[in-house]
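# Understanding the architecture of this molecule
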Amino acid sequence: MEFIDLKAQQQRIKQRIDARIANVLTHGQYIMGPEVSELEHALAKFTGARHCITCASGTTALELVLSAWGIGTGDAVFTTPLSFIATAEAIAKTGATPIFVDIDPNSYNIDPASLNAAVMAVSCRNPSRHPLPRIALHKQLTPRAVVLVDLFGNPVDYDPILEVAHAYNLLTLEDGAQSFGSMYKGRHCCNCGCDAATTSFFPAKPLGCYGDGGAVFCNDRELANIVDSLRYHGRINAQNKNDNIRLGYNGRIDTLQAAILLAKLEIFPEEIMLRAKAGQRYTELLLPYRNSPGIVTPTVTAEGDSIWAQYTIKLPQGVDRSALMKKLREQGIPTAINYPKGMHTQGCLRYLGYTPHDFPHVQEVCSRVLSLPMHPYLTEDDQKTIVDVLIQSIEWREYT
Ligand SMILES: *Cc1c(COP(=O)(O)O)cnc(C)c1O
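To keep things clear, this report deals only with the structure shown in the data block. Positions within a chain are numbered from 1, following the residues in the order the chain's sequence is written. Note on the predicted model: pLDDT of at least 70 is required for a residue's local features to be given, and 80 or more for side-chain atom pairs to be given and counted; whole-chain, interface and lining totals, by contrast, use all residues. Side-chain calculation: all heavy atoms of the structure are included, whereas hydrogens and water are not.

Right, let's get into empty space enclosed by the protein. Definitions used throughout: a 1 Å grid over protein atoms alone; a cavity as a set of points that fits a 1.4 Å probe which cannot get out; a pocket as an open set with protein on both sides within 12 Å along at least five of seven lines; a lining residue as one with an atom within 4 Å of a point. Grid points are joined across faces, edges and corners, and a volume is the space filled by probe spheres set on the points. Counted by the stated rule, this structure contains two cavities of 30 Å³ or more. The volume enclosed by the largest cavity comes to roughly 90 Å³. In this structure, the largest cavity is lined by N106, S107, Y108, L151, F152, N154, P298, T299, W308 and Q310. As for the second largest cavity, its lining consists of 14 residues, of which L6, Q9, P206, R275 and P376 are closest to the centre. Of all the secondary-structure elements, those providing two or more residues to the lining of the second largest cavity are α1 (6-27) and α9 (255-286). With three residues, α9 is the single largest residue contributor to the lining of the second largest cavity. Grouping the amino acids of the lining of the second largest cavity by side-chain chemistry returns six nonpolar, three polar and five charged. Helix and strand definitions follow DSSP, with helices as H or I runs of at least four residues and strands as E runs of at least two, each counted in order from the N terminus. Throughout, the ten residues Ala, Val, Leu, Ile, Met, Phe, Trp, Tyr, Cys and Pro are labelled nonpolar, Asp, Glu, Lys and Arg are labelled charged, and all others, Gly among them, are labelled polar.

Below, the structure is given as structure tokens:
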């Protein structure tokens, strides 16, 4: 059994992928070939966003937006402590200070009341309202932006969070690396009402290529133009390649990756349905074990649909998670921990001066979560086996 079965998907579309790749090898435009703009039009159409600018990765996408906004030293950028490290890394690399905001213990996404408290705490340099990094106490930082992560594919509840963000004039960025294909109140993720959104095409993401890739989405033409320029060394535009008006990045997607994504996009709507089914089946199969032994299934935001980038359960308190994972692995079931620690406790961000106890909800989630195999081609039989073995293994731990 695979944690994410990319081979099953490839078997379905091998011919289309081969044909797409052969086409690129024939025209030979490996950088910014025609597939790149074809993909951008297709992705914009899919999400409903006016502009899509593809780029080298989901991390680059975050960097491009923050850079286009001129975020840097002296700025405070708010985000969740519970995400892949790239979210905070992109913020910190601009010179801005990442300010971590507590999560909602049910959705695991950023909590609106905590965002409000965190902005107030930064403005008044008062850590009694909300935990703050050390620098925010002795230097007046300017609240500039908030980066919202749709964790595991579950959309952030945007209405209340955007209300808080707008009250403080914060720029809003949706990190939709895990939620491409998810919906919130009839809108596609990466077009949920933020000033900009980003996604990743890392192979394991819901829409993945065969290498690195990412995209920026927005509805503002001026921002789109700046991002388009920044990903290509700050050139003025495609007609003036060697006229560089800003310091940018080598941040483009490869034409080959764009070609692969175009083939994958054709079956993506069907995969969204298959993923929804698999997610629902897990929840149904796990339902009898809610009270005993006490497995917590994921909460999806009201009026939202998750693409289930991860199907992540919370184990009963006291279960030896590493022993459980080993037992599952011995029976051929791969699992993963997303994430073993909050970003506020990562070594690379130690200079911020947070302590593990600053975010007790995050600490609790990190110590108990377990991600189960998840992909569109997961069969009902596989899922039954996974749940059976999981439950038996937990009991085996507790009663022997
Ligand atoms: C994967 C991921 C990223 C980074 O994407 P890459 O394409 O690997 O650079 C950023 N944010 C989140 C939430 C992610 O899951």
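After that view of the structure, there is still more to cover.
Once that is clear, we can look at the layout of surface pockets. When its volume is computed, the largest pocket comes out at roughly 470 Å³. Lining the largest pocket are 24 residues, and of these F84, A177, S200, F202 and K205 lie nearest its centre. Looking at the lining of the largest pocket, the element that brings in the most residues is helix α3 (residues 58-68), giving three residues. Split into classes, the residues belonging to the lining of the largest pocket amount to eleven nonpolar, ten polar and three charged. Contributing to the lining of the second largest pocket are 13 residues, with E40, H51, C52, I53 and A224 lying nearest its centre. Counting residues per element, the ones that place at least two in the lining of the second largest pocket are α2 (34-47), β1 (51-55) and α8 (221-230). Residue classes in the lining of the second largest pocket are distributed as four nonpolar, four polar and five charged.

Distances and angles like these do not, on their own, reveal function.
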